[in-house]
Amino acid sequence: MGLGNDVSASFPLGLVFGWTARDEGVSFMPYAGGHMVLDVLSGPGDDLDLDGVVDLGLDLMFSGRWVMRLGIGLGGRDSVGFGVGFPR
């Protein structure tokens, strides 16, 4: 949600499927799915937008603790994300 001279709000709804394969200290976890996003813009330029996105990604877990994640969104909102999870 964003506030200012205008108000904008996004409402996502989706479903993602994934699976896990393990091999000697490494877990391979790909996933795929899709979601829709309804954007509501209120103010002088009132608008409603509906976008569809296909989600693809891969998580790699090393020794059950370190995680590397890559995610890609294709469609109305193209995006790429990369992250690393450190053990506690």
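Up top is the structure these notes are about.
Residues numbered from 1 in each chain as written. Predicted model: local features only at pLDDT ≥ 70, side-chain atom pairs only at ≥ 80, totals over all residues. Heavy atoms only, no water.

Novice: Quick question: what am I supposed to make of a nonpolar patch on the surface here?
Specialist: On the surface, a cluster of nonpolar side chains totalling about 1,000 Å² of accessible area is made up of Val 54, Leu 56, Trp 66, Met 68, Leu 70, Ile 72, Leu 74, Val 80, Phe 82, Val 84 and Phe 86. Of all elements in the fold, only strand E5 (47-62), strand E6 (66-75) and strand E7 (79-85) reach the threshold of two or more residues within the nonpolar patch. Tallying contributions element by element places E6 first for the nonpolar patch, with five residues. Topologically, Met 68 is positioned in strand E6. A relative accessible area of 33% means that Met 68 is categorised as partly exposed. (Patch = residues over 30% accessible without salt bridge, like charges linked within 9 Å, V, L, I, M, F, W, Y side chains within 5 Å. Areas by Shrake-Rupley, 256 points an atom, 1.4 Å probe, with all protein chains shown as cover. Salt bridge = Lys/Arg side-chain N within 4 Å of Asp/Glu carboxyl O. Helix = DSSP H or I, 4+ residues; strand = E, 2+ residues; numbered from the N terminus. Buried < 20%, exposed > 50% of the residue type's maximum accessible area, 1.4 Å probe, protein only.)

Novice: Explain the packing of aromatic side chains to me, please; I cannot follow it from the model alone.
Specialist: For any pair of aromatic rings, geometry is given as the distance between the ring centres together with the angle between the planes. Under the counting rule described, the total for this entry stands at one aromatic pair. Between Trp 66 and Phe 86, the ring centres sit 5.3 Å apart and the planes meet at 80°, which makes this aromatic pair edge-to-face. Of this pair, Trp 66 sits in strand E6 while Phe 86 is found in the segment after E7, placing the two residues 20 residues apart along the sequence. Accessibility expressed as a relative area gives 40% for Trp 66, which makes it partly exposed. (Phe/Tyr/Trp six-rings, centres within 6.5 Å; stacked < 30°, edge-to-face > 60°.)

Novice: Would you mind going over the pairing of E7 with me for this structure?
Specialist: Remember that side chains alternate between the two faces of the sheet whenever the strand is regular. Bridge count for E6 against E7 is seven bridges, and the pairing is antiparallel. Across the sheet, the residue bridging to Gly 73 is Ser 79, located in E7. Here E6 folds back onto E7, and the loop between the two strands holds three residues. (Pairing = 2+ DSSP bridges.)

Coordinates in, geometry out; function isn't part of it.
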